[in-house]
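# Structure at a glance
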Amino acid sequence: MTPRPGRSPVRVYGRAYPKAPAYPGGVPVQALVPLQYSIPAGQAYSSGGTTRASYLRAAAFDPSEHRVVTGGIRYRQIQFGHRIMFVRASDVRPVTR
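Keep in mind it's a predicted model, so treat the numbers as computed, not measured.

### Some words on the overall build of the protein chain
Secondary structure summary: the protein chain contains 0 helices and 7 strands in total. When its helices and strands are written in sequence order, the protein chain yields β-β-β-β-β-β-β. Each principal axis of the C-alpha atoms in the protein chain carries an extent, and together these give about 45 × 25 × 20 Å. Out of the 97 residues belonging to the protein chain, those deemed buried represent 30%. For the protein chain, the share of sequence-separated contacts (at least 6 apart) that also reach a separation of at least 24 residues comes to 65%. If you sum the accessible surface of the protein chain, you get close to 6200 Å²; carbon and sulfur atoms cover 50% of it.

### Some points on the sheet that holds strand E4 (residues 47-57)
The sheet built from 3 strands is open, its strands ordered E4-E5-E6 with antiparallel pairing. Single-partner strands in this sheet number two, and they are E4 and strand E6 (83-88). Going from strand to strand, the sheet's axes swing by 50 degrees on average, the running direction of each strand aside. Inspection of the sheet shows E4 paired to strand E5 (residues 67-80) by 8 bridges, in the antiparallel sense.

### Remarks on the pattern of salt bridges
Pairs can form between side chains of opposite charge once their charged atoms are near each other. This structure, assessed with the given rule, holds 1 salt bridge. A salt bridge links Arg7 to Asp91, with the nearest nitrogen and oxygen atoms 3.0 Å apart. Within this pair, whereas Arg7 is found in the loop between strand E1 (2-3) and strand E2 (10-11), its partner Asp91 is found in the loop between E6 and strand E7 (92-93), the two being separated by 84 residues in sequence. Residue classification places Arg7 among the partly exposed positions, given a relative accessible area of 38%. Looking at Asp91, the relative accessible area reads 16%, which means it is buried.

### What to know about the environment of Phe86
In this structure, Phe86 sits in strand E6. When its relative accessible area of 15% is taken as the criterion, Phe86 is described as buried. Residues Phe86 and Tyr13 lie 73 residues apart in sequence; the distance between their C-alpha atoms is 5.0 Å. Setting aside its immediate chain neighbours within four residues, Phe86 contacts Arg11, Val12, Tyr13, Gly14, Arg15, Ala16, Thr51, Tyr75, Arg76 and Gln77.

### Describing the pairing of E6
Note: E5 against E6, 6 bridges, orientation antiparallel. From the neighbouring strand, Gln79 faces E6, where its bridge partner is Ile84. As consecutive antiparallel partners, E5 and E6 are separated by 2 residues, and within that stretch Gly81 has a phi angle of approximately 65 degrees, a positive value.

### Here we look at the environment of Met1
Assignment of secondary structure puts Met1 in the segment before E1. Between the alpha carbons of Met1 and Asp91 there is a distance of 9.5 Å; along the sequence they are 90 residues apart.

Thresholds applied
- Residues numbered from 1 in each chain as written.
- Predicted model: local features only at pLDDT ≥ 70, side-chain atom pairs only at ≥ 80, totals over all residues.
- Heavy atoms only, no water.
- Helix = DSSP H or I, 4+ residues; strand = E, 2+ residues; numbered from the N terminus.
- Buried < 20%, exposed > 50% of the residue type's maximum accessible area, 1.4 Å probe, protein only.
- Contact = heavy atoms within 4.5 Å.
- Areas by Shrake-Rupley, 256 points an atom, 1.4 Å probe, with all protein chains shown as cover.
- Pairing = 2+ DSSP bridges.
- Axes fitted to C-alpha atoms, helices over the stretch in contact; angles between N-to-C directions.
- Salt bridge = Lys/Arg side-chain N within 4 Å of Asp/Glu carboxyl O.

Right under this line is the structure:
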């Protein structure tokens, strides 16, 4: 994956969470904070799958009380150094090298 033209630098995330409006009442919003890393133009990283933003709220042992929150953002999983991270799919494009 490499940044799309005009989208550099691309923010990198440690979690693929939905935006605040996707959370129903009673489920605390998880902050969608980018990490200190970014992908500048010209760099490329190995990619895993594409995933949709999601968060599992499991505050109790009873599975009937668990809540899955999904959002509309699509993320690409990337290998960033020796770590797995996420970038917004709309910010990157695949390349072959």
